[in-house]
Amino acid sequence: MTSKVLNYNNPSLQGSITVPGDKSISHRAVMFGAIAKGKTTVTGFLPGDDCLSTIDCFRKLGVKIEVDGTKVEIDSPGIDGWEEPKEVLYTGNSGTTTRLMLGILAGTDFHSVITGDDSIAKRPMARVTNPLKQMGAQIAGRKNGEFTPLAIQGTKLKNIDYAMPVASAQVKSAILLAGLQAEGTTIVREKEVSRDHTERMLKQFGANIEVEDGVISLKGGQKLHGTHVDVPGDISSAAFFLVAGAIVPNSEILLKNVGINPTRDGIIEVLQNMGADMVIEEDIDDAAEPTATITIRTSNLKGTTIEGDIIPRLIDEIPIIALLATQAEGTTIIRDAQELKVKETDRIVAVANELKKLGANITATDDGMIIHGPTKLHGAEVSTYGDHRIGMMLAIASLITDSPVEMDDAKCIAISYPTFFEHLDLLLK
Ligand code: S3P
């Protein structure tokens, strides 16, 4: 663990940064490029620890992958030509790698074992292994297949018609990727729409997929074709600087290349509802994923209520939204967000505990939190819980504390934003 003392003396933030590649899309670009036979090139790739874990797994399956900064070249024999791995596939801290790999490996003709770090070992996998088992998958693991390590004996799969019990793009994607190799047409039904990068990217790789009113249909047996993927910037990473720009006095930040996929843009709606001084200019192109340049300035903020079907559109942004709410006039209520309990750490507990240490008026609830603002924050010793998004939230908080913040582990930030502190330095005035 690398502890870090953050000591900023009345800073302001000025200037512009280009947001690094989207984590969800970077994972998928590598996965789909590995499933496809032939060459795939990726630009704007996020070389964060999670996405590097995905690359590692595919190398162990015999896929050639070259990484040069944010450029990736994949040369694959295609899923039918993969080798049975001689080593355990290690997914690190990455839930997306672990869950999507389960769907991909279920329909191969070989045996494989997946495991990750201590956080992955606590994350529920039955939400993926149960529907996959209904498709015929043979998966064994700790606590009846509920937790890693998981052993997968690849086998022939049949299609499923599955109504999603929770809004989860990881579960949806695992089923669709298994469905790609299954007999018949796989159908996934979503009550609340989760991020749709898998659906968009399947089209990019030449698959025929239908999406209508929350019903996704994918015919099995389709082959993917190598292509070029240009990954947009990650709105979940941009969110830290959007909030920083709004709460740090005398600030104006321009964020370039922000992915604004409508299944991910809940943070923009919340900032608007809270009164943020923000301008969004959409980039005009016909890319698979829309992007924008966003300017944000120090703002007078008011509390809001965040609940219902916006939650999946901002689930990863709730830690930083909680900090935003500590600086807003009035009460902010976040509910229907029980999924936060099964992220990299229990983010309801982590956010409430750590913001309290800094002086925030915040109460954890069963499915969210209640925050009264505005409050002046002070320095303290805090813990990231090894969770990248808790780490970045606390780093942004330290910009407005009246004394230093010491965090126990800043290294975890490299999971999704390896250049976070460089970007912060660029903006500090
Ligand atoms: C992700 C989906 C979300 C999100 C995670 C990335 C993805 O998780 O929180 O950071 O890439 O599909 P769930 O599927 O558990 O909601």
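I will try to describe carefully the structure that is included in this document. Throughout this description, residue numbers start from 1 for each chain and increase along the sequence as written. In view of the model being predicted, local features appear only for residues whose pLDDT reaches at least 70, and side-chain atom pairs are presented and counted only at 80 or more, with totals across whole chains, interfaces and linings using the full set of residues. Working from all heavy atoms in the structure, the side-chain values ignore hydrogens and water.

### Section: the site of the ligand
Line of reasoning, step 1. Near the ligand you find Ser24, Arg28, Thr96, Arg99, Ala167, Ser168, Ala169, Gln170, Arg195, Ile315, Asp316 and Lys343, and these make up its full shell.
Line of reasoning, step 2. In the model, an oxygen atom of the ligand is placed 2.7 Å from a nitrogen or oxygen of the Asp316 side chain.
Line of reasoning, step 3. Here the open area of atoms and residues is found with the Shrake-Rupley method and a 1.4 Å probe, where only the protein chains shown may cover a residue. Compared with its free state, where it exposes 390 Å², the ligand has 94% of that area covered by protein.
Line of reasoning, step 4. Numbering goes from the N terminus for both helices and strands, where a helix is a DSSP run of H or I of at least four residues and a strand is a run of E of at least two. Elements represented by at least two residues in the shell around the ligand include exactly helix H1 (23-35), helix H3 (95-106) and helix H7 (169-180). Whether a residue is near a molecule or strand depends on its heavy atoms: it is near if one of them lies within 4 Å of it. Side-chain atoms alone can form a polar contact between residues adjacent in sequence; in general such a contact is a pair of N or O atoms within 3.5 Å, and within protein one must be able to donate a hydrogen while the other accepts it.

### Here's the deal with the pattern of salt bridges
Line of reasoning, step 1. Take a side-chain nitrogen of Lys or Arg and a carboxyl oxygen of Asp or Glu: if they are within 4 Å of each other, that pair is a salt bridge. In this structure the tally under the stated criterion is 21 salt bridges.
Line of reasoning, step 2. With a shortest N-O distance of 3.6 Å, Arg389 and Asp316 are connected by a salt bridge. Highlighted residues: Arg389 in helix H13 (residues 388-397) and Asp316 in the loop between strand S18 (305-306) and helix H11 (318-326), separated in sequence by 73 residues. Comparing Arg389 with Asp316 shows no difference in burial state: the two are buried.
Line of reasoning, step 3. Connected through shared salt-bridge partners, Arg123, Arg195, Asp316, Glu344, Arg347, Asp387 and Arg389 make up one network. Working definition: with a 1.4 Å probe on protein chains only, accessible area under 20% of the residue-type maximum means buried, over 50% means exposed, and in between means partly exposed.

### Here we look at the packing of H3 against helix H5 (residues 126-134)
Line of reasoning, step 1. Two elements in contact, H3 and H5, have axes separated by 10 Å at closest approach and are oriented at 10 degrees. The orientation of H3 relative to H5 falls into the category roughly parallel. Between H3 and H5, the residues in contact are Arg99, Leu102 and Gly103 and Arg127, Val128, Thr129 and Leu132, respectively.
Line of reasoning, step 2. Note that Gly is not counted as nonpolar here; it falls among the polar residues with everything else outside the nonpolar set of Ala, Val, Leu, Ile, Met, Phe, Trp, Tyr, Cys and Pro and the charged set of Asp, Glu, Lys and Arg. Broken down by class, the residue content of the contact of H3 with H5 amounts to three nonpolar, two polar and two charged. All axes are obtained by fitting lines to C-alpha atoms, using only the stretch in contact for helices, and the reported angles, taken between N-to-C directions, cover 0 to 180 degrees. Note that the term roughly parallel is reserved for angles under 35 degrees, roughly antiparallel for angles over 145, roughly perpendicular for angles of 65 to 115, and oblique for everything else. We call two residues in contact whenever any of their non-hydrogen atoms come within 4.5 Å of each other.

### As for the packing of aromatic side chains
Line of reasoning, step 1. Stacked, edge-to-face and tilted are the three classes for Phe, Tyr and Trp ring pairs, Trp counted by its six-membered ring, which pair at centre distances within 6.5 Å; planes under 30 degrees apart are stacked, over 60 edge-to-face, the rest tilted. In this structure the tally under the stated criterion is six aromatic pairs.
Line of reasoning, step 2. Judged by centre distance (5.8 Å) and plane angle (65 degrees), the ring pair of Phe32 and Phe205 falls under edge-to-face. You can see Phe32 sitting in helix H1 and its partner Phe205 sitting in the loop between helix H8 (197-204) and strand S12 (209-212), a full 173 residues away along the chain. As far as burial versus exposure is concerned, Phe32 and Phe205 are alike and both buried.
Line of reasoning, step 3. Three or more aromatic residues joined by ring pairs make a cluster, and in this case those are Phe241, Tyr417, Phe420 and Phe421.
Line of reasoning, step 4. Criterion for a charge above a ring: Arg CZ or Lys NZ at most 6 Å from the ring centre, at most 35 degrees from the ring normal. Directly above the aromatic system of Phe421 lies the positively charged group of Lys4, at a separation of 4.3 Å from the ring centroid.

### Notes on a negative patch on the surface
Line of reasoning, step 1. Candidate patch residues must exceed 30% relative accessible area and have no salt bridge, after which like charges are joined if within 9 Å and Val, Leu, Ile, Met, Phe, Trp or Tyr side chains if within 5 Å. Counted charges follow a simple rule, with Lys and Arg positive, Asp and Glu negative, and His plus the chain ends left uncounted. Note that the charge is assigned to NZ on lysines, CZ on arginines, CG on aspartates and CD on glutamates. Together, Asp230, Glu281, Glu282, Asp283, Asp285 and Asp286 give the surface a local cluster of negative charge.
Line of reasoning, step 2. For Glu281, a relative accessible area of 48% translates into the label partly exposed.

### A word on unusual backbone geometry
Line of reasoning, step 1. In the segment running from Thr148 into Pro149, the intervening peptide bond is cis, with an omega of -5 degrees.
Line of reasoning, step 2. Along the chain, the position of Pro149 falls in strand S9 (residues 147-153).
Line of reasoning, step 3. For the bond from Gly373 to Pro374, the omega torsion is -5 degrees, close enough to zero to count as cis.
Line of reasoning, step 4. Here Pro374 is to be found in the loop between strand S21 (368-373) and strand S22 (381-382).
Line of reasoning, step 5. The backbone phi angle of Asn144 is positive, close to 60 degrees, even though this residue is not glycine.
Line of reasoning, step 6. One non-glycine residue, Asn250, lies in the positive phi region at around 55 degrees.
Line of reasoning, step 7. With respect to the element layout, Asn250 can be found in the loop between helix H9 (235-247) and strand S15 (252-259).
Line of reasoning, step 8. Look at Asn250 and you get exposed, because its relative accessible area is 61%.

### A short note on the sheet that holds strand S4 (residues 64-68)
Line of reasoning, step 1. Here the rule is simple: two strands pair whenever DSSP picks up at least two bridges between them. The mixed open sheet is built from four strands, whose spatial order is S4-S5-S3-S14. Of all strands in the sheet, those bounded by a partner on one side alone are S4 and strand S14 (228-230). With strand direction ignored, the average angle separating the axes of adjacent strands in the sheet is 10 degrees.
Line of reasoning, step 2. Sitting on the sheet, H1 is in contact with strand S3 (37-43), S4, strand S5 (71-77) and S14, with an inclination near 25 degrees to S5.

### So, the sheet that holds S9
Line of reasoning, step 1. Pairing is mixed across the open sheet formed by four strands, whose spatial order is S6-S7-S9-S8. Of all strands in the sheet, those with a lone pairing partner are strand S6 (89-90) and strand S8 (138-141), marking the two edges.
Line of reasoning, step 2. Relative to the sheet, H3 contacts S6, strand S7 (111-115), S8 and S9, its axis offset from that of S9 by approximately 15 degrees.

### Topic: the packing of H3 against H7
Line of reasoning, step 1. Between H3 and H7, whose axes approach to 7 Å, the crossing angle comes to 25 degrees. Taken together, the axes of H3 and H7 lie roughly parallel to each other. Along this stretch, H3 crosses H7, giving a crossing that reads as right-handed. Of the residues in H7, those touching H3 at Gly95, Thr96, Arg99, Leu100, Gly103 and Ile104 are Gln170, Ser173, Ala174, Leu177 and Ala178. For a crossing to be left-handed, the near helix must be turned anticlockwise from the far one by less than a right angle; the clockwise case is right-handed.

Worth remembering: the numbers are spatial, not functional.
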